[in-house]
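# What the coordinates show
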Amino acid sequence: MTRVVPPTAPDEPTAGGPADALADAPVQSCPYCCPAMEIEINDTAATTDDMVALHDNADRPTVPCRIRAISRSVNAKAELSNPDGRLRFPGAGQETVTVSLPDDGSWAAFAISGEMASAAAGDALIEVRCTKQGRPLKTTAVVTVCGLRVTTETEQIVPTDRARLRLGVEERVTLTASGALGAVRWQIAEGDGTLSDEAGPRTVYQAHALEQTARIEALDQAGCTVIVTFDVDCNYLLSRARTSTLFPNAPDDRVNAITDAFNEFYETYELTDCLRRSHFFAQVRTEVGGSGEPRREGMNYTPPRLLEIFSYYRRNPAEADLHGRTAAHAANQPAIGNRVYANRLGNGDIASGDGSGYRGRGFLQLTGRANYQAIQNEIDANTPGSGVDIVANPDQAIEIRGGMLSAMAFWSRNNANNQADDGSANADIDGVSNIVNRWGDHAERRQNFRNVSAPAFHLDDCPR
Amino acid sequence: MRIKDSQMAAMRALGRASFEREMTDHARTFSPALAATLGPDLLRAAVRDALLRALEHGFTRKGPQRLFLELSLLFGSGFDADPQYAHMHRILDTPDDQTLRARALHGHVLLYVEHVAGLGGAHVYDALRFLRSLTTQPDPFDGGTTLTEALVAQMTQGFPQRARYAGESALRALVLAGLEEAAKHRFEGARVSALMPVLMFAFGRGCAEDQFYPWIGATLADPRITDPAGRAQRLERKAVTWLDHVLAAEDAA
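Now for a quick tour of the structure.

Calculation notes
Residues numbered from 1 in each chain as written. Chains lettered and ligands numbered in written order. Predicted model: local features only at pLDDT ≥ 70, side-chain atom pairs only at ≥ 80, totals over all residues. Heavy atoms only, no water. Helix = DSSP H or I, 4+ residues; strand = E, 2+ residues; numbered from the N terminus. Buried < 20%, exposed > 50% of the residue type's maximum accessible area, 1.4 Å probe, protein only. Contact = heavy atoms within 4.5 Å. Areas by Shrake-Rupley, 256 points an atom, 1.4 Å probe, with all protein chains shown as cover. 1 Å grid on protein atoms, 1.4 Å probe; cavity = no way out; pocket = protein on both sides within 12 Å on 5 of 7 lines; lining within 4 Å. Points joined across faces, edges and corners; volume = space filled by probe spheres on them. Nonpolar A, V, L, I, M, F, W, Y, C, P; charged D, E, K, R; others polar. Axes fitted to C-alpha atoms, helices over the stretch in contact; angles between N-to-C directions. Parallel < 35°, antiparallel > 145°, perpendicular 65-115°, else oblique. Left-handed = near helix turned anticlockwise from the far one by under 90°. Salt bridge = Lys/Arg side-chain N within 4 Å of Asp/Glu carboxyl O. Pairing = 2+ DSSP bridges. Core = buried A, V, L, I, M, F, W, Y, C linked by side-chain atoms within 4.5 Å. Disulfide = S-S within 2.5 Å. Expected span 1.5 Å × (residues − 1).

In terms of regular secondary structure, chain A is built from 13 helices and 20 strands. By the burial criterion, 51% of the 464 residues in chain A qualify as buried. Counting contacts in chain A only where the partners sit at least 6 residues apart, residues at least 24 apart contribute 63% of the total. Approximately 20600 Å² of chain A is accessible, and the part contributed by carbon and sulfur atoms is 46%.

Below you can see the structure in the form of structure tokens.
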């Protein structure tokens, strides 16, 4: 407020100035090169997720971040550094990074990784400086480098991972935490399942039958959080718990073997929903019983029984006494098989030995050389390299893996899935039963469907 | 020929130094009294500060930079953050090209000079005389319900054209900023506390750091003065000296 004179118009040359002092000549080229800046970790304004997983030898997880100018900016650049050495940007050797800031104030991306674990929450500092004009500090952010990891049977999950796993209904999964700062607390953030323990390095989670998604969180004392999200799937892998329900008398090793074999092949043979599975296991359960043991067809008949059920022995009654089980000798089961199945179901004559060699075996009691060959063809077509050859080695059908594969191949070859898809009425069960064994009234198969397999697969809750 | 980055930086620095010299000379012509008071070194530093501040508003060309310097000389170095000049801020902050903004600002200030400052700065000198008269009164700010109201009222009475231009809320904001600054220096009592708002009204919101008026900042930071009342008294005496000098020069002209 001193001497008040009109200012000089910006287009005029300076009075008394040099001749070349054009008013519109640039003085220097750094307009707005050091604007105010804003930074967001994990691409969100929230600070609760400002964490990055500590790298390990195999993996260096990165967290997306962003920065922008929040005042007028032209050709501005930001230099980011981490004086405490806990972070990288994001490669192992990248201790700083220079980011060009868009002039329009939009975000520019960068990423960080964890080089050294935090000793306390938020102790990894990011400093943001201008690259010009004395490199003034413009803003800062703090991050926690989390050593916390959670391992399941199949995965290792670190903070900020977006891990999403599939879990069968009522399947149990063991979650083990490591690298945490202080004690670990577990909690179910979403879902209705159960946790075996809510504190400590290890817990077991069991999905509830009716939930579709489950989210389990592990938190350590630095605030690091590992989130494990499960899609609980009615039609996902068969669980050991469910196999035990289907075969309550099976020992653990057989339960495990059945579970593994089914899970190995179910997608190939499209046993992918609960209705199909309920039908399949109702038939298997009827054939092998609650023990879950795939059997070879027994021929331990007495002479009267041979005469009663087999026409061969009615035509040759003297041989019934010779082969049948009596007080004097055991039944000659190969001889019986070779005779009653000779020249049937693709078998050769008695001398060929096919009758005994290809008698009923496995989870669905596959019988006859022609059937064995047809099923083997199905196996070779759909699962080449399975290592199963039931024609060359019929007893593979009474091993768990070979038996399950051959049962599924039989199921597929005979279009049993199409029949199963019709529904769960008695007529539908009978339709499937006729494919597996056309003889009999199928009452036991209906019973196994209603009382065993359909409840095991929660058919009412997840029919498809 | 290939020019390295370092060479380019040196050339730019050379260009900037040359322009600073040119603008320092220009400041002597534009505000000869102020330049004479400051001396060459302080003037050069104040000019450099104004030109750097111009850069923050995207004024990189010579004409806009010179305009910004002139406005700093007219309204104080912190005019671009002074609530009294909010109209100018709006022009500075538009997204237009710097030349367009500078032209608009120039046009606006021409109107200001004509309507607010008055012909030959007549309204300004009236205001300065009014302020000088206040220094002779024992309690010039006892009239309002509060010190803020009293200060706003005196400013409006002393420089009504500026008060209308700035608006009452801007004056109130200026007063509050001045009282806050006064509190930092433990200035107590109405008359002493009013000193900083009055100085800001006269020399601009940023007068405590303004290199064109270094005596204000120097007195506020003078380590030899330990008593707040003594510091305020010293500051008022310097302001009166300055006022007397300026008004005597005007009367002589």
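Residues and elements named next belong to chain B. Taken as a whole and judged by the stated rule, the model has six cavities of 30 Å³ or more. Approximately 230 Å³ is the volume attributed to the largest cavity. The wall of the largest cavity is formed by 16 residues, among which L131, T135, L195, V198 and E236 lie closest to the centre. Breaking the lining of the largest cavity down by element, the ones donating at least two residues are α7 (122-134), α12 (195-203) and α14 (228-252). No other element matches α12, which puts five residues into the lining of the largest cavity. Estimated volume of the second largest cavity: approximately 60 Å³. Along the walls of the second largest cavity sit A127, F130, L131, L134, F141, L151, Q154, M155, G158, F159, V198 and F201, which together make up its complete lining. Listed by contribution, the elements that provide at least two residues to the lining of the second largest cavity are α7, α8 (147-158) and α12. Taken together, the residues that form the lining of the second largest cavity break down as ten nonpolar, two polar and no charged.

On to the packing of α7(B) against α8(B), then. Residues and elements named next belong to chain B. Two elements in contact, α7 and α8, have axes whose closest approach is 9 Å; the angle formed by their N-to-C orientations is 135 degrees. Considered as vectors, α7 and α8 are oriented oblique to each other. The segment α7 lies against α8, with A127, F130 and L134 engaging Q154, Q157 and G158. For the contact of α7 with α8, a count of residues per class yields three nonpolar, three polar and no charged.

This next bit is on the packing of helix α13 (residues 214-221) of chain B against α14(B). Residue and element names in this part refer to chain B. For the pair α13 and α14, the least separation of the axes is 9 Å and the interaxial angle reads 165 degrees. One element, α13, and the other, α14, form an angle in the roughly antiparallel class. Crossing angle aside, the handedness with which α13 passes α14 is right-handed. Two secondary-structure elements touch here, α13 through W215, I216, T219, L220 and A221 and α14 through R231, R234, L235, K238, A239 and W242. When its residues are assigned to classes, the contact of α13 with α14 shows seven nonpolar, one polar and three charged.

What follows covers the pattern of salt bridges. Any two side chains of opposite charge can pair, given that their charged atoms come close. Residues and elements named next belong to chain A. Evaluation of the coordinates by the stated rule reveals 33 salt bridges over all chains. For R88, the salt bridge identified is with E115, shortest N-O distance 4.0 Å. One end of the pair, R88, is in strand β5 (residues 87-88); the other, E115, is in the loop between β7 (108-114) and β8 (124-130), with 27 residues separating them in the sequence. On the accessibility criterion, E115 (23% relative accessible area) is partly exposed. Among the charged side chains, a network of salt bridges with common partners joins R60, R88, E95 and E115.

What follows is about the sheet that holds strand β17 (residues 213-219) of chain A. Residue and element names in this part refer to chain A. One open sheet accounts for four strands, arranged β12-β18-β17-β14; its pairing is mixed. The two strands at the open ends of the sheet, each matched to only one other strand, are β12 (164-168) and β14 (185-190). Across the sheet, the axes of successive neighbouring strands diverge by a mean angle of 30 degrees, strand direction being ignored. In this sheet, strand β18 (residues 225-233) lies alongside β12 in parallel orientation, the contact comprising five bridges.

All names here are of chain A. Taken as a whole, the largest pocket spans an internal volume of roughly 880 Å³. Taken together, 25 residues make up the lining of the largest pocket; nearest its centre are Q365, T367, V436, N437 and W439. Put simply, the parts of the chain that give the lining of the largest pocket at least two residues each are α4 (303-309), α9 (369-382), α10 (400-413) and α12 (426-436). Tallying contributions element by element places α12 first for the lining of the largest pocket, with three residues. Each residue belonging to the lining of the largest pocket can be placed in one class, and the counts come to 13 nonpolar, six polar and six charged.

On to the nonpolar core, then. Where a protein is soluble and globular, its nonpolar side chains tend to be buried together. Grouped together as the largest cluster of nonpolar side chains are 80 residues, with contacts concentrated most on B:F75, B:M196, B:L199, B:F203, B:F212 and B:I216. Among the elements that make up this core, the one with the highest residue count is α12(B) (eight residues). Judged by nonpolar contacts, the second largest core, of 77 residues, contains A:L148, A:I258, A:V391 and A:V452.

The next point concerns the state of the cysteines. Residues and elements named next belong to chain A. Applying the stated criterion across every chain yields a total of one disulfide over all chains. Across a sulfur-sulfur distance of 1.9 Å, C146 and C224 are joined as a disulfide pair. Between C146 and C224, the disulfide has an S-S torsion of -85 degrees and is therefore left-handed. A residue pair is termed long-range when its members are at least 10 positions apart, and C146 in strand β9 (residues 137-146) and C224 in the loop between β17 and β18 qualify at 78 residues.

As a further point, take unusual backbone geometry. For the bond from A:F89 to A:P90, the omega torsion is -15 degrees, close enough to zero to count as cis. With respect to the element layout, A:P90 can be found in the loop between β5 and β6 (96-100). Backbone geometry places A:N42, a non-glycine residue, at a positive phi of 65 degrees. Checked against the element boundaries, A:N42 lands in the loop between β1 (37-41) and β2 (51-53). One non-glycine residue, B:R186, lies in positive phi territory at about 55 degrees. Along the chain, B:R186 turns up in the loop between α10 (168-184) and α11 (190-193). Classification of B:R186 as exposed rests on a relative accessible area of 55%.

Residue and element names in this part refer to chain B. Taking 1.5 Å per residue as the helical rise, α14 with its 25 residues ought to reach 36 Å, and the 36 Å between its terminal C-alpha atoms agrees with that figure. Where α14 is concerned, the buried positions are P228, R231, A232, L235, A239, V240, W242, L243, V246 and L247. Turning to α14, the residues buried within the fold contact α7, α11, α12 and α13.

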